[in-house]
Each structure stands twice: as C-alpha cells, then as structure tokens.
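These are the residues of each chain, in order.
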Number of protein chains: 2
Amino acid sequence: MIISDNLKMYVQKLRSSNLRPTKQRLKICQFLFDRKKTFHFTVETLNKKINKNGTTKVSLATIYNTVEAFTSAGYLKEILTSKNKSYYDTNIKSHHHFYDEGSKELTDIHYSQIKLSKVPVPPKGKKIKNLEVVIRIQK
Amino acid sequence: MIISDNLKMYVQKLRSSNLRPTKQRLKICQFLFDRKKTFHFTVETLNKKINKNGTTKVSLATIYNTVEAFTSAGYLKEILTSKNKSYYDTNIKSHHHFYDEGSKELTDIHYSQIKLSKVPVPPKGKKIKNLEVVIRIQK
DNA sequence: ATCTAGTTTATAATAATTCTAAACTAGAAA
DNA sequence: TTTCTAGTTTAGAATTATTATAAACTAGAT
Ligand SMILES: [Mn+2]
Ligand SMILES: [Mn+2]
Ligand SMILES: [Zn+2]
Ligand SMILES: [Zn+2]
C-alpha cells in the first residue's frame, strides 16, 4: 500500500460517507492518514500542525467540524482521558492506552496486551458500549 | 457509627488537614459524608443540592474551592470519565465504574469485580499511577 | 477585644468547544 | 458552460466549565 498520493482514495472515502471532498478535508485526510503508525491528537495540536507550513490556512472551526465529521464517519475514534480536552485517535480498532500525566500523551496498548478475566454484568437494560482501559502513568 | 451529628468528627477531620471548619465546609461535609452509600457528583449537581433548601447559600466559588480542597485532602476522589465535566466520588478506595452515557451517572464496581489477568509493563522510567476501569454502558 | 491568616464571595478571566450567519464552492442540472 | 443549490468554510460571538482576582468576612490564636 503506497503511502503517498492517496488523494483519489480519500475522495472515494469521503464520498462514501456523504462528505464532499473539499480541499480542507483532503488536506486533513492526508495529514492524518498518510502514515503507518497510530496518531493521537487534540484539536489544538492538529490545528497547529495543519497550519504550520505557510500554505493556505484551514480555520479552527473547520478543524473542529472535520474532526467531528470524521469521528461520526468512523475514521477517527475519540479517547476519553482528560477532563478538559478531547483526544482523538487514528487507530479505530478497539485497543487500550497508556496516558502519561506528565507529557499528556497517549500510547497504544494492543487489545491483546490486557486480559480482563472477570468483568461484571451491566445493570439490566443496559449493555456495554466500550471497554477500553486507560492506564495512567507518570514518572 | 451514628450517621447524624457527626459535626465534631468533621471538625476534627478538617483540622487534621489544616482546613478551618467553616460553616460552609461543615455543611458540605454533612451533605457528602452523612450517608452510607457512595455518592458520585459533579460540581453542578453538588451546588444545586447544597443550595436547594432555602437556608443560607454557599457560593459556587466555595463549592469549587471546597471540592478541590477535599480532593487534595483525600476525602474525595476525582473520576475522569466525561470530556467536559469533572466527576467526584465519596468512595476513595480504589474501585471501578460503570458510566451510563444516557443518564451520565456513575455506578461503583467493587475492585474485586474486575480481574485484570494481564497488564502491560509501563514504558521505562514511568510507573502506573492509576488503573481503574470505566465501563461505558448504554441502553 | 484584637489581630491576622485563612476563607468566602461576586465577579472577571480563561479555555475548550459550539453556534451563527454570511461568503464560498462542489457538483448536479439546465 | 452557466446556473443553481445544498453543503461547507469561516470569523467571530456565544456557551460552558473552570480558575483567578481582590475585597469583605471570620476562625481562632494571642
Ligand atoms: Mn474546561
Ligand atoms: Mn468544555
Ligand atoms: Zn490509540
Ligand atoms: Zn465510585
């Protein structure tokens, strides 16, 4: 799988989610998905990186809109870890994380690296939506 | 252990943490700790409940200050679960939670009810600070 | 009774996010 | 092609949770 010039692929992908392939969305797609490793970010960090190079700017509102749209479309996963900032993850498979309280960074833990040998039954009428563990670490 | 008129006890407790036993703090202590079961709350809900009865009001700033002071003193535990609101817990023992995405309420899971038979080693130089699981549930 | 550090409070400030509404554009249709 | 329109982008305002500020108040030591 070639990692550059995936533009056509992203156009397809966006169209298949009823999202118009605008230049802003394609730019963000390339930035987020033209990479081999998981990428964890906040809107703040994404905004900085997208708008680093002196090229045409993407507005903060569009960064918010796009991250929301990509999350709804299933291209991104939101990771609930910090009380005052949303984190997002390009790895949409079910998996766990270390969250470093010092650097405020997330690191993937493969799903198989944590084994839950006993899990309680949810209250009646409710079902488990998500069981991903965040292990908080520090120095 | 009698559940009413624990005032003297709270006075001691506060003094032992170098917190003056003001009437606001005692009122909040009584509200939070004069109960047998775990209580989970946000500052918003606590503020409403403390100021429900037409008695003298405790300001929102004091609610924030007190929750912060009680958390630092170890009377309360902060539960990181929601991206835009802090949750607190009168149960300061290590334990797990269900978080209902519909009602936005926490329910305790006793520590022994979840067994982690395999846990990854943290990155070198880092140690695990907290390993409490939040299981997200919904209808 | 006096004094002072700690506390409370109203209010302002901040930070993350969402909303609004006007300008812009992708792409379907004429 | 040009026209048209729903979808999109954008700057800026609004909202929400929280923290900071600074003046008034008070616990409790002296
Ligand atoms: Mn916040
Ligand atoms: Mn927020
Ligand atoms: Zn991840
Ligand atoms: Zn609890």
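Residues numbered from 1 in each chain as written. Chains lettered and ligands numbered in written order. Predicted model: local features only at pLDDT ≥ 70, side-chain atom pairs only at ≥ 80, totals over all residues. Heavy atoms only, no water.

Student: For this particular structure, what's the right way to read the relation of the copies chain A and chain B?
Tutor: Overlay of chain A on chain B (RMSD 0.1 Å): rotation 179°, translation along the axis 0.0 Å. Those values place the two copies in the arrangement expected of a two-fold rotation axis. Here 97% of the contact residues of chain A are again contact residues in chain B; the copies associate through an equivalent surface. (Least-squares fit on C-alpha atoms with pLDDT ≥ 70 in both. Contact = heavy atoms within 4.5 Å.)

Student: Would you mind going over the protein's contact with DNA strand D with me for this structure?
Tutor: The environment of DNA strand D is formed by 18 residues, the closest being Thr22, Arg25 and Thr62 of chain A together with Arg15 and Ser86 of chain B. At the protein interface, 76% of the atoms of DNA strand D within 4 Å belong to sugar or phosphate. Ser59 of chain A is positioned with one of its backbone polar atoms (N or O) 3.0 Å from a phosphate oxygen of DNA strand D. Contributions of two or more residues to the surface near DNA strand D are made by helix H2 (23-33) and helix H4 (60-72) of chain A. Looking at the surface near DNA strand D element by element, the count peaks at three residues for H4 of chain A. Across the surface near DNA strand D, the residue classes tally to five nonpolar, seven polar and six charged. (Near = heavy atom within 4 Å. Polar contact = N/O pair within 3.5 Å; in protein donor to acceptor, adjacent residues only side chain to side chain. Helix = DSSP H or I, 4+ residues; strand = E, 2+ residues; numbered from the N terminus. Nonpolar A, V, L, I, M, F, W, Y, C, P; charged D, E, K, R; others polar.)

Student: I keep staring at the packing of helix H3 (residues 43-50) of chain A against H4 of chain A and nothing clicks. Help me out?
Tutor: Relative orientation and spacing of two packed helices are given, respectively, by the angle between their axes and the distance between those axes. Residues and elements named next belong to chain A. Relative orientation of the contacting elements H3 and H4 amounts to 120°, with a least axis distance of 10 Å. By the angle between their directions, the pair H3 and H4 is classed as oblique. Note on packing geometry: the crossing formed by H3 with H4 is right-handed. Counted together, Val43, Leu46, Asn47 and Ile50 of H3 and Leu60, Ile63, Tyr64 and Val67 of H4 form the full contact between these two elements. Here the contact of H3 with H4 is composed, by residue class, of seven nonpolar, one polar and no charged. (Axes fitted to C-alpha atoms, helices over the stretch in contact; angles between N-to-C directions. Parallel < 35°, antiparallel > 145°, perpendicular 65-115°, else oblique. Left-handed = near helix turned anticlockwise from the far one by under 90°.)

Student: What is the right way to look at the coordination of the zinc ion (ligand 4) in this model?
Tutor: A four-donor tetrahedral metal ideally has 109.5 degree angles, and a six-donor octahedral metal ideally has angles of 90 or 180 degrees. Residue and element names in this part refer to chain B. Around the zinc ion (ligand 4), the donor atoms from the protein are His40 (NE2), Asp89 (OD), His95 (NE2), His97 (NE2) and Asp108 (OD), and they sit 1.9 to 2.2 Å away. Going along the chain, you hit the donors of the zinc ion (ligand 4) in the pattern H-x48-D-x5-H-x1-H-x10-D. Of this pair, His97 sits in strand E4 (residues 96-100) while Asp108 sits in strand E5 (residues 105-109), placing them eleven residues apart in sequence. Assessed through its relative accessible area of 1%, His97 is described here as buried. (Donors = N, O, S within 2.8 Å, 3.2 Å for Na, K, Ca; no water. Buried < 20%, exposed > 50% of the residue type's maximum accessible area, 1.4 Å probe, protein only.)

Student: Any chance you could explain unusual backbone geometry here in plain terms?
Tutor: Apart from glycine, the bulk of residues carry a negative phi angle, and the bulk of peptide bonds sit in the trans form. With a phi angle near 60°, Asn18 of chain A is a residue other than glycine that sits in the positive phi range. In this structure, Asn18 of chain A sits in the loop between helix H1 (7-16) and H2. A relative accessible area of 73% means that Asn18 of chain A is categorised as exposed. The backbone of Lys104 of chain B sits at a positive phi, close to 60°, despite the residue not being glycine. By the element assignment, Lys104 of chain B lies in the loop between E4 and E5.

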